[in-house]
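# Residue-level structure breakdown
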Amino acid sequence: MGNRMERRLLAFVAVALLISPAYAEGDAARGPIAVIAAWSRATGPGMSVGAGYMVISNLGISADRLISVSSPVAERVEIHRTSTDDGTVRMRQVTEGVPVPAGGTVEFAPGALHLMLVQLKQPLHAGQSVPITLVFERAGAVAASLSVMPMGAPPARK
């Protein structure tokens, strides 16, 4: 039994060491939750919404759930999921939260799960860093920032 526990601990440490260099601007961690490669695209003048994307990684041994997100640059931040049904693209707000499995990741990407920054207080500009706060059932509040890419930029990868 001890040997199995040691192997799990070593595996956890190895994963943590592998991804730890990724914690540059736009990345954040709190306890076992890590927000990696968080980004958005610039918005044009007068646009009232923006989108946010990231990878949430749970390095812990207990599942967690993302329950809300906020940002000082928007009146509210909603979690949305895009799906295609019979050739029709639909975007729906996710109100039940987003499960983040123990030892797993959840990707927020264009055309899939994503954040909607609603009623932007000002346009998002390329090069800007947008603060966000993600709230999890177990981990609590995790501060991160979205690196704003130029309009039309391909999905950010680190």
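Since this is a predicted model, take the numbers as computed values, not measurements.

What counts and what doesn't
Residues numbered from 1 in each chain as written. Predicted model: local features only at pLDDT ≥ 70, side-chain atom pairs only at ≥ 80, totals over all residues. Heavy atoms only, no water. Helix = DSSP H or I, 4+ residues; strand = E, 2+ residues; numbered from the N terminus. Buried < 20%, exposed > 50% of the residue type's maximum accessible area, 1.4 Å probe, protein only. Contact = heavy atoms within 4.5 Å. Areas by Shrake-Rupley, 256 points an atom, 1.4 Å probe, with all protein chains shown as cover. 1 Å grid on protein atoms, 1.4 Å probe; cavity = no way out; pocket = protein on both sides within 12 Å on 5 of 7 lines; lining within 4 Å. Points joined across faces, edges and corners; volume = space filled by probe spheres on them. Nonpolar A, V, L, I, M, F, W, Y, C, P; charged D, E, K, R; others polar. Salt bridge = Lys/Arg side-chain N within 4 Å of Asp/Glu carboxyl O. Polar contact = N/O pair within 3.5 Å; in protein donor to acceptor, adjacent residues only side chain to side chain. Core = buried A, V, L, I, M, F, W, Y, C linked by side-chain atoms within 4.5 Å. Pairing = 2+ DSSP bridges. Phe/Tyr/Trp six-rings, centres within 6.5 Å; stacked < 30°, edge-to-face > 60°.

## Section: the overall build of the chain
When you go through the chain residue by residue, the secondary structure sums to one helix and 11 strands. Walking the chain from its N terminus toward its C terminus, one meets helices and strands in the order α-β-β-β-β-β-β-β-β-β-β-β. Out of the 158 residues in the chain, the part that is buried amounts to 41%. Long-range pairs, those at least 24 residues apart, make up 68% of the contacts in the chain between residues at least 6 apart in sequence. Accessible area for the chain stands at about 8800 Å²; split by element, carbon and sulfur atoms hold 57% of it.

## Quick notes on the layout of surface pockets
In this structure, the second largest pocket spans a volume of roughly 210 Å³. For the second largest pocket, the lining is made up of 16 residues, of which Arg41, Val49, Gly50, Ala51 and Tyr53 are closest to its centre. Every element with two or more residues in the lining of the second largest pocket is listed here: β2 (33-41), β3 (49-58) and β9 (113-120). Among the elements that make up the lining of the second largest pocket, the one with the highest residue count is β3 (four residues). Residues that form the lining of the second largest pocket fall into these classes: eight nonpolar, seven polar and one charged.

## Points about the pattern of salt bridges
Under the defined criterion, the tally for this structure stands at three salt bridges. Linking Arg65 and Glu137 is a salt bridge whose minimum nitrogen-to-oxygen distance equals 3.9 Å. With a gap of 72 residues between them, Arg65 in strand β4 (residues 64-70) and Glu137 in the loop between β10 (129-136) and β11 (140-149) connect regions that are remote in the sequence. With a relative accessible area of 25%, Arg65 lands in the partly exposed category.

## A look at the side chain of Ser71
Mapped onto the secondary structure, Ser71 falls in the loop between β4 and β5 (74-85). Polar contacts involving the side chain of Ser71 include one to the main-chain carbonyl oxygen of Pro131, which spans 2.7 Å. When neighbours within four sequence positions are excluded, Ser71 is seen to be in contact with Val77, Leu117, Val130, Pro131 and Ile132.

## Overview of the nonpolar core
Grouped together as the largest cluster of nonpolar side chains are 31 residues, with contacts concentrated most on Ile56, Leu66, Ile79, Phe108, Leu134 and Phe136. Apart from residues lying up to four places away in sequence, Ile56 is in contact with Ile33, Ala34, Leu66, Val100, Gly104, Thr105, Val106, Phe108, Leu134 and Phe136. With five residues, the next largest nonpolar core counts Trp39, Ala51, Tyr53 and Met116 among its residues.

## Let's talk about the pairing of β2
In terms of burial, β2 is largely enclosed, as eight of its nine residues are buried. With six bridges joining them, β2 and β3 adopt antiparallel strand pairing. Bridging across to β3, Val35 finds its partner in Ile56.

## Details of the environment of Ile67
Secondary-structure assignment places Ile67 in strand β4. The exposure class of Ile67 is partly exposed, given its relative accessible area of 43%. Sequence separation between Ile67 and Ile79 is 12 residues; the distance between their C-alpha atoms is 9.1 Å. If we ignore the near neighbours within four places in the chain, the residues touching Ile67 are Val135, Phe136 and Glu137.

## Some thoughts on the packing of aromatic side chains
Evaluation of the coordinates by the stated rule reveals one aromatic pair. A ring pair is formed by Trp39 and Tyr53, whose centres lie 4.6 Å apart and whose planes are at 40°; its orientation type is tilted. In this pair, Trp39 is assigned in strand β2 and Tyr53 in strand β3, connecting sequence segments 14 residues apart. Take Tyr53: its relative accessible area is 8%, and that puts it in the buried class.

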